[in-house]
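A structural walkthrough
Given next are the chains, with one letter for each unit.
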Amino acid sequence: MAKKAKKSPAKGRRQSSSKKSAPRRWFSWRLVGKLSLVMLVVVAAGMAYLDALVRERFDSHVWQLPARVYARPVELYAGRVLSREDMLKLLDLMRYRHTSSASTPGSYARNGNTLVLDTRGFKDSDGGEPSQRIRLTLSAGHIQSIKASQTGNLARLEPLQIGSIHPQHQEDRVLVRLDQVPPLLVDMLVATEDRSFYEHHGISLRGLSRAMLANIKAGGLVQGGSTLTQQLVKNFWLTSERTLSRKLMEMPMALLLELHYSKQQILEAYLNEVYLGQDGNRAIHGMGLGAQFFFGRPLDELEPHQLATLVALLKGPSWYDPRRHPKRAMERRNTVLKVAVKEGALSEQDYRKYSARPLEVVPRGASALYAFPAFIDLVRRQLARDYPPEVLSREGLHIHSTLDVLAQLASERALHDRLQHIDPKENKHLNGAVVVVSPTEGDVLALVSNRHSRESGFNRALDALRPIGSLAKPAVVLAAMEEPKKYSLATNVEDGPVEVKMPNGSLWAPGNYDKQSLGAMPIVDVLAHSRNQATARLGLDVGLDKVADTMKTLGVQRKIPLYPSILLGSLELTPFEVAMMYQPLATGGFSTRLRSITDVLDKGGKPLARYPVSTEEAVDAGPAFVTQWAMQQVIEEGTGRGARKQLPEELKIAGKTGTSDDFRDAWFAGFSANHLAVVWVGRDDNHNTGLTGATGALPVWTELMAKLPQRSLSQTPPAGVDWVWMDENGRQQSAEGCHGARRIPMLEASIPQDSNGCGTVKDTGKGVVKWFKGLFD
Amino acid sequence: MVQGLVRLTLLAALLAGCAMQPVQEETQAPVTAEQQLQGSPALSLYEHARQARSQGNNSAAERYLERALTMAPDASWLYRELADLHLSEGDARGAEGFALRALRLAPDNDAYRAGLWELVATARSRQGDEQGARAARDNADRLRQPASA
């Protein structure tokens, strides 16, 4: 039969050439042979192509890892101000587990005032911190003692992750190595998804036939029968459509993948690639991020029932979402646990224990990842200057920021609570912004741009451009103090009507808030009581150009129009820019660039870039000191004295109230030695709020400053400044106990020669000169 | 006039006294990191910074010093160290800023202050500000004069 058949095609061909009328036979062995050859070549070429595709992609696969932003790590050392409540709040935010022995990283034990922590460790440009055991005693709002197993009397908690930088529709993941993955997770994964994973070569015929049977029964595609390898192929190279062509591609690629790579490599890739859910525009990929997203902890800290929840998700991330469908997720989780028992990965006893546990998923809003949108916005803007978007969204950079979690929470709370108090129903539409800075290093410690701080959107702290009102007055005083031969804080200025004819013919005639003119008063009182007319007179006398120059020296980068109204704050700045302007006033004249980032590290923790502290002397020590002292009088006896309701008398702090025309903006900007805070309260539609700086912004400022550890401003004058008892006329020295005498810091060049003759005039630097001069009188 | 005569007599007596007695050099305790940072955890960070610098890891040194500043913000020594670090990194402008800040917080010690003015002078000189450098050097010299007198 075979022989006959073999001859037939040849005969047929001959016949067809000799007898044209004979019918053509469609079947020819030679044709089959040729076609087979062509097919073979095509298949071989296809396989070669797929092989190249698989290897090239797998070898050079770069995981998309968005940059992660971390808060400032909390330093722990004896003497540090840290209440037990704040410490526990931090541990809670960092999802430390409260246990009896604190024997695993990310856990703590508590016994009275003593806490024992097992930290997770982290990398930093100075090497970072090891995971270690720390014994900490807290009492009277301080750390009393600390003993860290590896770093002794000084340790840091790992920084809290506060955000990630990813554009729209971006994949997010936390890479894990297979050796970091709890073996139970792998066991449960294999048991539920692909029991013959370790035996097959990429395709499981048994699984496939089982799926086919199910599909025939259901009359359509309901089961894939895919192995883990096939699932990885699908995620890596193919679309998620359930089509035959995709299936045909998937199988040879799975075989090829198994041919080139070990089971461990395939498993590791799967664990990092697998899709687990959606968080707005962010796609949650991999078990590492899954652990963070659902449980707020690293994968290796999860307990069996939590690992089972992650495995349960694989069957349908949306269907079994433990937040949206907890009942369904719980049932599936317990099925996974049961399968684990069946496969010998979990004991019966553990099954009973863990299947009874609740899901323990953290609420979505509770994650620190969403807590500080305004600050993350600032970090994003600063990063955008140095890094292209693709680097930020793919390379897994670690961004160490300056955010102080406790300062941030205190600022949010203060703004929220005070505005709730003034405008409980929100029918006044009040909103606000807070910026807190560490003046010495220029670190932005907190940034709030909304009374409901978790709401993102308009960033009032960075973008609300508002007239600064009387916040401009310290610049006028500073400009005057830079001419010590002409002015001192004791110099009297008339608080009376001022009129300036403008080039367009109009008249500029500012009034005081109380609609009164108080007559001659020393400059220190002009500032303390925020007198408009006296400030305008002083500023005009000093010169608008000089005041504008001083504002620029202080850090104002916007164009300053030389109108007299700038003396009373017609200049518009954002709260962040006000913080920049007040920073040199807080440090005695040193200007420091505000930073929100300290270090950038690569995904492996290797330092890439530093954003160091910078400083330069912007204002001379003398004028800076006396101006700062005048700002202290605002709190002691002026418009800021309301701060004393909550802040202790002995704490030396300084600040200034600001109110713009028609009560549209209420400001307070002030500082201690270690915190500078700017508060703005107003309405987005720029309408009248009925509030002044003292009634709207100062209460917020006071409340937040009272919650933070504060150090007093130095009262030691720099070289060239002396404390002098001055007569109330401001032109003569006086003495302690004399009528109207006030002790005022004076630049040497401004100390008058003459005394009013009352009491004994203290020798000053100038007095010594006077003494020598007396030799020859 | 009478008051002037009394003062002249007093001054003469004082000068005579000085002439008769050997010049007593005022001894000022040298300023050291240990003295400035005593009892503060910043001292151990400072030591780590020194170690990192000796190993050529200036970034780590800088980070240690910045952390130390948060614990001892008034320690002139830390600013001095940062000035020195910035100078060695070629950032003369930054070095000048830190040195001036160190001066602002400096204890009353002529040798220490003179050293800081020298640092300011070098930083200014490297920025091409020769006049400023001269002024800083003059300040340093003036501070050294009493000791050498």
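Conventions and cut-offs
- Residues numbered from 1 in each chain as written.
- Chains lettered and ligands numbered in written order.
- Predicted model: local features only at pLDDT ≥ 70, side-chain atom pairs only at ≥ 80, totals over all residues.
- Helix = DSSP H or I, 4+ residues; strand = E, 2+ residues; numbered from the N terminus.
- Contact = placed C-beta atoms within 7 Å.
- Axes fitted to C-alpha atoms, helices over the stretch in contact; angles between N-to-C directions.
- Parallel < 35°, antiparallel > 145°, perpendicular 65-115°, else oblique.
- Nonpolar A, V, L, I, M, F, W, Y, C, P; charged D, E, K, R; others polar.
- Pairing = 2+ DSSP bridges.
- Core = buried A, V, L, I, M, F, W, Y, C linked by C-beta atoms within 7 Å.
- Buried ≥ 20, exposed ≤ 12 C-beta atoms within 10 Å, placed from the backbone.
- Domains from an automatic or database assignment.

Some points on the overall build of chain B
Secondary structure assignment for chain B yields eight helices and zero strands. In sequence order, the secondary structure elements of chain B are arranged as α-α-α-α-α-α-α-α. Put simply, of all contacts in chain B between residues at least 6 apart along the chain, 50% involve residues at least 24 apart.

A closer look at the packing of helix 17 (residues 473-481) of chain A against helix 20 (residues 544-554) of chain A
Residues and elements named next belong to chain A. At a closest axis distance of 9 Å, the pairing of helix 17 and helix 20 adopts a crossing angle of 110°. The angle between helix 17 and helix 20 places the two elements in the roughly perpendicular class. The segment helix 17 lies against helix 20, with Ala 475, Val 476, Leu 478 and Ala 479 engaging Lys 546, Val 547, Thr 550, Met 551 and Leu 554. The residue makeup of the contact of helix 17 with helix 20, split by class, is seven nonpolar, one polar and one charged.

Some remarks on the interface of chain A and chain B
Across the contact, 28 residues belong to chain A and 25 residues belong to chain B. Put simply, the parts of the chain that give the side of chain A that touches chain B at least two residues each are strand 2 (75-77), strand 24 (607-610), strand 25 (616-617) and helix 24 (765-775) of chain A. Grouping the amino acids of the side of chain A that touches chain B by side-chain chemistry returns ten nonpolar, nine polar and nine charged.

Here we look at the sheet that holds strand 27 (residues 665-671) of chain A
Hydrogen bonds between backbone atoms are what pair the strands of a sheet, whose relative direction is either parallel or antiparallel. All names here are of chain A. The antiparallel open sheet is built from five strands, whose spatial order is 15-14-28-27-26. Of all the strands in the sheet, just strand 15 (443-448) and strand 26 (654-659) have a single pairing partner and so form its edges. Across the sheet, the axes of successive neighbouring strands diverge by a mean angle of 10°, strand direction being ignored. Taken together, the seven bridges between strand 14 (residues 431-438) and strand 28 (residues 676-682) define a ladder with antiparallel strand orientation. What sits directly across from Asn 431, in strand 28, is Gly 682. In the packing of helix 15 (residues 405-422) onto the sheet, the strands contacted are strand 14 and strand 15, and the crossing angle to strand 15 comes to about 30°.

Section: the environment of A:Ala528
All names here are of chain A. The residue Ala 528 is located in helix 18 (residues 523-528) in this model. Along the backbone, Ala 528 and Glu 56 are 472 residues apart, and their C-alpha atoms lie at a distance of 71 Å. Not counting residues up to four positions away in its chain, the partners in contact with Ala 528 are Gln 633, Val 634, Glu 637 and Gly 638.

Regarding the nonpolar core
Membership of the largest hydrophobic core comes to 194 residues, with the highest contact counts inside it found for A:Val434, A:Val435, A:Val679, B:Leu78 and B:Ala99. Broken down by element, the residue count for this core peaks at nine residues, all from helix 22 (residues 621-637) of chain A. By size, the runner-up hydrophobic cluster in this structure holds 48 residues, among which are A:Val174, A:Met253, A:Val274 and A:Ala308.

Some words on the domain arrangement of chain A
Reports often express the size of an interface as the amount of accessible area lost when the parts come together. Residue and element names in this part refer to chain A. The domain architecture assigned to chain A consists of domain 1 (67-164), domain 2 (166-366), domain 3 (443-707) and domain 4 (721-726 + 733-739 + 749-775). One C-alpha centre belongs to domain 1, the other to domain 2, and the line joining them spans 34 Å. Looking at the side of domain 1 that touches domain 2, its residues break down into one nonpolar, three polar and two charged.

Some thoughts on the environment of A:Arg394
All names here are of chain A. Position of Arg 394 among the secondary structure elements: in helix 14 (residues 389-394). The class for Arg 394 is partly exposed, based on 18 C-beta atoms found within 10 Å. Sequence separation between Arg 394 and Glu 273 is 121 residues, and the spatial gap between their C-alpha atoms is 14 Å.

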